[in-house]
Amino acid sequence: MTAPEPNISPTILVADDWRDYRLLDSGNGRKLEQVGPYRFDRPEPQALWTPRDTGAWAKADAIFAASGDGEDDAGRWRFNRSLPETWPLEWNGLKFLSRPTPFRHLAVFPEHSVHWRYAADAIGTVQRPQPAEVLNLFGYTGLASLACARASAKITHVDASKKAIGFARENQAAAGLADAPIRWIADDAHTFVKREIRRGRRYDGIILDPPKFGRGPNGETWRLEENLSALLTDCAALLGEQRPGRFLILTVYAVRLSFIALAQAATSASELQGGAWEFGEMALPHAGDSRLLPTAIFARWRS
Ligand SMILES: C[S@@+](CC[C@H](N)C(=O)[O-])C[C@H]1O[C@@H](n2cnc3c(N)ncnc32)[C@H](O)[C@@H]1O
């Protein structure tokens, strides 16, 4: 017997809409990026190839040296010049702050711009009696929250870390969106979702970018492989009954998972019917050549 044809073909979403961010080169397990006025050389496990522009790497302002095998985020920055604590960046008119963090990243995940556009579009193309309500789980820098707020949605932003929420609030101020209706909530993502279901709340859009492993503020444990399916089921319940303009955006950086696994988790756990699913990989383009740097896998849906 032939197996049924799976209806899953990949889309590659390329974040090619940045002016203040450029991927200059990658290779030998590292990437070289221009982030505003500064240049960074960081570990990149996906960069299995040989770098192209060997001269450019010597001009890095900061280099992150991973400790251990590079699979976790531990390590430290070495600065070749003094950098401010933060500096301003802009994406499509949205202003925010970048900074070097002890976790090797720069407080912006530029590949996500493809989803900020998608969310803003889903919010803006439907006439609604009330503003769209968007829930951003594991929201960290708040850039997705701010992109949706700018598109006139009401936002509930959840992250376990008070420090992360502090960064997101600084971004809110930098964006000039201080008066935007954003609830900043320090809580465990799934605990919060269950509470919202009990309260009978409904959302028009849900964005989630869960880590492989994390902890809620009260020691709740998050393990992607064990907990994702139940969280997706509950997110589908929060999106509720048939209404136009609903959306769900799920991204995952766990390198051992295929987009097919994510697609099947998302479609089997959720009741999201009648709309359009897309699955695949997110990638960053290189500034000077046609290579792509794969970054994360995603599943997204729009009613
Ligand atoms: C991969 S980052 C998300 C980045 C985000 N997409 C952005 O663009 O800024 C994961 C975030 O999840 C948070 N986190 C980890 N475990 C959590 C939990 N159990 N509940 C809520 N947030 C959690 C971390 O504090 C971290 O900010």
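Residues numbered from 1 in each chain as written. Predicted model: local features only at pLDDT ≥ 70, side-chain atom pairs only at ≥ 80, totals over all residues. Heavy atoms only, no water.

## Re the site of the ligand
To keep things clear, this is the line we draw: Residue proximity to a molecule or strand is established when one non-hydrogen atom of the residue lies within 4 Å of it. Polar contacts here mean pairs of N or O atoms no more than 3.5 Å apart (in protein, one a potential hydrogen donor and the other a potential acceptor; neighbouring residues in sequence count only if both atoms are side-chain atoms).
Near the ligand, the surroundings consist of 18 residues, among which Thr141, Asp159, Asp188, Ala189 and Asp209 are the closest. A distance of 3.0 Å is found between a nitrogen atom of the ligand and a backbone nitrogen or oxygen belonging to alanine 160. The contact in question runs from a nitrogen atom of the ligand to an N or O atom on the side chain of aspartate 209, over 2.6 Å.

## Concerning the sheet that holds strand 3 (residues 30-35)
Here is the rule we go by: Two strands form a pair only when DSSP identifies at least two bridges running between them. A run of DSSP states H or I qualifies as a helix once it reaches four residues; a run of E qualifies as a strand once it reaches two. Both are numbered from the N-terminal end. Working convention: axes come from line fits to C-alpha atoms, limited for helices to the stretch in contact. Angles between N-to-C directions cover 0 to 180 degrees.
The strand order across the open sheet formed by 5 strands is 2-3-4-5-6, and the pairing between neighbours is mixed. The two strands at the open ends of the sheet, each matched to only one other strand, are strand 2 (21-27) and strand 6 (75-79). Pairs of neighbouring strands in the sheet enclose a mean axial angle of 20°, with direction left out of account. Sheet topology places strand 2 next to strand 3; 6 bridges connect them, and they run antiparallel.

## Here we look at the environment of tyrosine 253
Position of tyrosine 253 among the secondary structure elements: in the loop between strand 15 (247-252) and helix 7 (259-269). Sequence-wise, tyrosine 253 and isoleucine 297 are 44 residues apart; in three dimensions their C-alpha atoms are separated by 6.5 Å. Only 3.0 Å separates the side chain of tyrosine 253 from the side chain of histidine 112, close enough to count as a polar contact.

## Quick notes on the domain arrangement of the protein
Basically, it comes down to this: Throughout the structure description, domain borders are defined by an automatic or database domain assignment. Here a residue-residue contact requires only that any non-hydrogen atoms of the pair lie within 4.5 Å. For any pair of parts, buried area is found by adding up, for both, the accessible area (1.4 Å probe) each one loses once the two are put together. Here the nonpolar group is Ala, Val, Leu, Ile, Met, Phe, Trp, Tyr, Cys and Pro; Asp, Glu, Lys and Arg are the charged ones; every other residue, Gly included, is treated as polar.
Per the domain assignment, the segments of the protein are domain 1 (11-98) and domain 2 (107-302). Once you take the C-alpha centre of each, domain 1 and domain 2 turn out to be 24 Å apart. The interface is formed by 29 residues belonging to domain 1 together with 36 residues belonging to domain 2. Here domain 1 meets domain 2 over a buried area of about 2900 Å², counting both sides, of which 63% is carbon and sulfur. For domain 1, the biggest contributors to the area lost against domain 2 are Leu13, Leu23 and Leu94; these three give 23% of the whole. Run the count over domain 1 and domain 2 and you get 16 residue pairs in polar contact (both at pLDDT 80 or more). Of all the secondary-structure elements, those providing two or more residues to the side of domain 1 that touches domain 2 are strand 1 (10-14), strand 2, strand 7 (87-91) and strand 8 (94-98). Across the side of domain 1 that touches domain 2, the residue classes break down as 13 nonpolar, 7 polar and 9 charged.

## Side note on the nonpolar core
For the record, the criterion: Grouping buried Ala, Val, Leu, Ile, Met, Phe, Trp, Tyr and Cys residues that are joined through side-chain atoms within 4.5 Å yields what is termed a nonpolar core. Categorising residues by exposure relies on relative accessible area from a 1.4 Å probe, with only protein chains included: less than 20% of the type maximum marks a residue as buried, more than 50% marks it as exposed, and the intermediate range marks it as partly exposed.
Trp18, Phe40, Ile123, Val134, Cys148, Ile207 and Phe247 are the most contacted members of the largest nonpolar core, which has 50 residues in total. In this structure, this core is formed jointly by two domains, domain 1 (11-98) and domain 2 (107-302), each of which donates at least three residues. Listed in part, the 34 residues of the second largest apolar core include Trp222, Cys235, Leu239 and Leu248.

## What about helix 7?
Test applied: Working definition: the arc comes from the directions between the helix axis and the C-beta atoms, pointing outward to the latter.
Residues of helix 7 that are buried include every one of Phe259, Leu262, Ala263, Ala266 and Ala269, and no others. With its buried residues spanning 160° around the axis, helix 7 presents them on a single face. Considering only its buried residues, helix 7 is in contact with strand 1, helix 6 (224-239), strand 15, strand 16 (276-285) and strand 17 (292-302). Capping the start of helix 7, serine 258 holds a side-chain oxygen 2.8 Å from the backbone nitrogen of isoleucine 260, two or three residues further along.

## Considerations on the side chain of serine 145
Topologically, serine 145 is positioned in helix 3 (residues 143-150). Among the polar contacts made by the side chain of serine 145, one reaches the side chain of asparagine 136 at a distance of 2.9 Å. Polar contacts involving the side chain of serine 145 include one to the side chain of histidine 157, which spans 2.8 Å. Residues contacting serine 145, with those up to four places away along its chain left out, are Asn136, Ile155 and His157.

## Details of the packing of helix 6 against helix 7
A pair of packed helices is captured by two measures, namely the crossing angle of their axes and the spacing between those axes. Where we set the bar: Angles below 35 degrees are treated as roughly parallel, those above 145 as roughly antiparallel, those between 65 and 115 as roughly perpendicular, and all remaining angles as oblique. Note: crossing handedness is left-handed where the near helix turns anticlockwise from the far helix by less than a right angle, and right-handed where it turns clockwise.
Interaxial distance between helix 6 and helix 7 falls to 8 Å at its minimum, and their mutual angle equals 40°. Taken together, the axis directions place helix 6 and helix 7 in an arrangement best described as oblique. Relative to helix 7, helix 6 is oriented so that their crossing is right-handed. Facing Leu228, Ser229, Leu232 and Thr233 of helix 6, the residues of helix 7 in contact are Leu262, Ala265, Ala266 and Ala269. Residue composition of the contact of helix 6 with helix 7, grouped by class: 6 nonpolar, 2 polar and no charged.

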